[in-house]
Amino acid sequence: MPAEVVIGVGASHSTLMNTHWEQTTDRAAAQRYADALSTARDRIAAAGADVAVIIGSNHFRGFWLDLIPAFTIGVGECLASGESGTPAGPQPVDQPLARHLVDTLVGGGQFDPAYSARLQIDHGQSHAIQYLLAGLELPIVPIVINVFAHPLPTVRRCLDFGAAVRTALDVFAADRRVAVIGSGGLSHRLPWPDWRDPSGDDEEFMVRAWLDGRNNWRDYDARRREIIRAAPPVINPEFDEQLLALLEAGKGAQLAEHTTEQLEREAGNGGQEIRTWLTMAAALGHTPATRLAYEPMPEWLTGMAVAVLEGS
């Protein structure tokens, strides 16, 4: 039997969920979000998924400014950085499926994704592993989209990439039941500069960490964390609600013409991560989503949401 996409999940991530749960003012909202992650995890299990394609971001712990591809697929070893209570160490990869995706995308002539035989991921992927795959022991195919180091792939390009991934999955000859996860967003603003034009000591420090951190990223992490914790929350529930409504209607592709600058204004620089959700939705053929939760969480700096899409 060929591969079958059986479910899609979009879920926000925040390491502050791990490290600052006790400091969260609205504990009921936090619990509703955590419960929604558990429900989504149960839906993945009930769908009989035996592999998870995780489309996520990277926060300069697995990619640095010495090399930033737009799209990267992990095809061999996968190591999780383990920051802030997220999973650490080797993660199981479905290498035949991952390598098939690269071969098919390149062979089809539409995309030339980077690939890595030793990919390091951070919470942009591992938060999903921690909460959406807990206890399921599923191998993964990690796909990383550049959403933080400008210039970014356009929203339309991400939608097209998601559709191309789906085409590649559909022609994989071996039996697989695939869950596709989009990890990131929704609206939030990180105290991160445009690397091309930093201003002030903190921004200069961030850019230096992003440029030099390949071999010693942990040396920069304490101050990075201090800068992030000092940032005021910037969440736009109106934008988040509009995005979720489009996904619920199966119309996420309507965001194709949103520019990077427009997303920055409406959803903050962290809102650029909605590319992972839209890529996932495209891989599901934009089947209508079911929202499980939306909670603006200022202590976590982010509009936190979970949605599930039935396999199409």
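Visitor: Give a description of the pairing of strand S7 (residues 177-183) that names residues and reports values.
Guide: The buried count for S7 comes to six of seven residues, which makes it a mostly enclosed element. For strand S1 (residues 4-11) and S7, the ladder comprises seven bridges, and the chain directions are parallel. Residue pairing in the sheet places Glu-4 in a bridge with Arg-177 of S7. Both strand S2 (residues 51-56) and S7 contribute to a ladder of five bridges, which runs parallel. Bridge pairing in S7 links Val-51 to Val-178.

Visitor: Go over the pairing of S1 with me, naming the residues and quoting the values.
Guide: Burial analysis of S1 places seven of its eight residues in the buried class, which makes it a mostly covered element. Note that S1 and strand S9 (residues 302-310) share five bridges and pair antiparallel. Considered in S9, the bridge of Gly-10 is made with Ala-307.

Visitor: Pulling in residues and values, what's your account of the pattern of salt bridges?
Guide: Summed over all chains, the structure comprises 20 salt bridges. Linking Arg-189 and Glu-264 is a salt bridge whose minimum nitrogen-to-oxygen distance equals 3.0 Å. Of this pair, Arg-189 sits in the loop between S7 and helix H6 (200-212) while Glu-264 sits in helix H9 (residues 260-267), and the two are 75 residues apart along the sequence. The class of Arg-189 is partly exposed, set by a relative accessible area of 29%. Classification of Glu-264 by relative accessible area gives partly exposed; the value is 23%.

Visitor: Can you lay out the packing of aromatic side chains for me, pointing to particular residues and giving the numbers?
Guide: Scanning the model with the defined rule gives 10 aromatic pairs in all. Centroid distance Phe-60 to Trp-210: 4.2 Å. Interplanar angle 15°. Geometry classified as stacked. On the criterion of sequence distance, the pair formed by Phe-60 in the loop between S2 and strand S3 (71-81) and Trp-210 in helix H6 is long-range, its members being 150 residues apart. The pair Phe-60 / Trp-210 is uniform in exposure class, with both members buried. Arranged with centres 5.0 Å apart and planes meeting at 70°, the rings of Phe-148 and Trp-192 form a pair that is edge-to-face. Here Phe-148, found in the loop between strand S6 (140-145) and helix H5 (155-170), pairs with Trp-192, found in the loop between S7 and H6; they are 44 residues apart in sequence, far enough to count as distant. When sorted by exposure, Phe-148 lands in the same class as Trp-192, which is buried. A connected cluster of aromatic rings, assembled from ring pairs, spans Phe-60, Phe-148, Trp-192 and Trp-210. In this structure, Arg-223 packs its charged tip against the face of Phe-205, placed 4.4 Å from the ring centre.

Visitor: How would you explain helix H2 (residues 27-46) if you had to name every residue and give the values?
Guide: Taking 1.5 Å per residue as the helical rise, H2 with its 20 residues ought to reach 28 Å, and the 28 Å between its terminal C-alpha atoms agrees with that figure. All of the buried residues along H2 are Ala-29, Ala-30, Tyr-33, Ala-34, Ala-36, Leu-37, Ala-40 and Ile-44. Projected down its long axis, H2 carries its buried residues within an arc of 150°, all on one side. Packing partners of the buried residues in H2 comprise S1, helix H1 (16-19), helix H4 (123-132), S7, strand S8 (289-297) and S9.

Visitor: I'd love a proper account of the side chain of His-13, names of residues and values included.
Guide: Structurally, the position occupied by His-13 is in the loop between S1 and H1. Classification of His-13 by relative accessible area gives buried; the value is 4%. Side-chain polar atoms of His-13 contact the backbone nitrogen of Gly-184, separated by 3.5 Å. Among the polar contacts made by the side chain of His-13, one reaches the side chain of Glu-273 at a distance of 2.9 Å. Contacts of His-13, omitting those with residues within four sequence positions, involve Tyr-33, Ser-57, His-59, His-123, Gly-124, His-127, Ser-183, Gly-184, Gly-185, Glu-273 and Met-304.

Visitor: So what's going on with the packing of H5 against helix H10 (residues 274-283)? Which residues, and what values?
Guide: Relative placement of two packed helices is described by the angle separating their axes and the distance separating the axes. At their nearest, the axes of H5 and H10 sit 7 Å apart, and the two run at 40° to each other. Regarding the angle of H5 to H10, the classification is oblique. Crossing handedness for the pair H5 and H10: right-handed. Along the contact surface, H5 presents Val-155, Cys-158, Leu-159, Phe-161, Gly-162, Ala-163 and Arg-166, while H10 presents Arg-275, Leu-278, Thr-279, Ala-282 and Ala-283. Within the contact of H5 with H10, the residues separate by chemical class into eight nonpolar, two polar and two charged.

Reading the values: the criteria
Residues numbered from 1 in each chain as written. Predicted model: local features only at pLDDT ≥ 70, side-chain atom pairs only at ≥ 80, totals over all residues. Heavy atoms only, no water. Buried < 20%, exposed > 50% of the residue type's maximum accessible area, 1.4 Å probe, protein only. Helix = DSSP H or I, 4+ residues; strand = E, 2+ residues; numbered from the N terminus. Pairing = 2+ DSSP bridges. Salt bridge = Lys/Arg side-chain N within 4 Å of Asp/Glu carboxyl O. Phe/Tyr/Trp six-rings, centres within 6.5 Å; stacked < 30°, edge-to-face > 60°. Lys NZ or Arg CZ within 6 Å of the ring centre and 35° of its normal. Expected span 1.5 Å × (residues − 1). Arc of directions from axis to C-beta. Contact = heavy atoms within 4.5 Å. Polar contact = N/O pair within 3.5 Å; in protein donor to acceptor, adjacent residues only side chain to side chain. Axes fitted to C-alpha atoms, helices over the stretch in contact; angles between N-to-C directions. Parallel < 35°, antiparallel > 145°, perpendicular 65-115°, else oblique. Left-handed = near helix turned anticlockwise from the far one by under 90°. Nonpolar A, V, L, I, M, F, W, Y, C, P; charged D, E, K, R; others polar.

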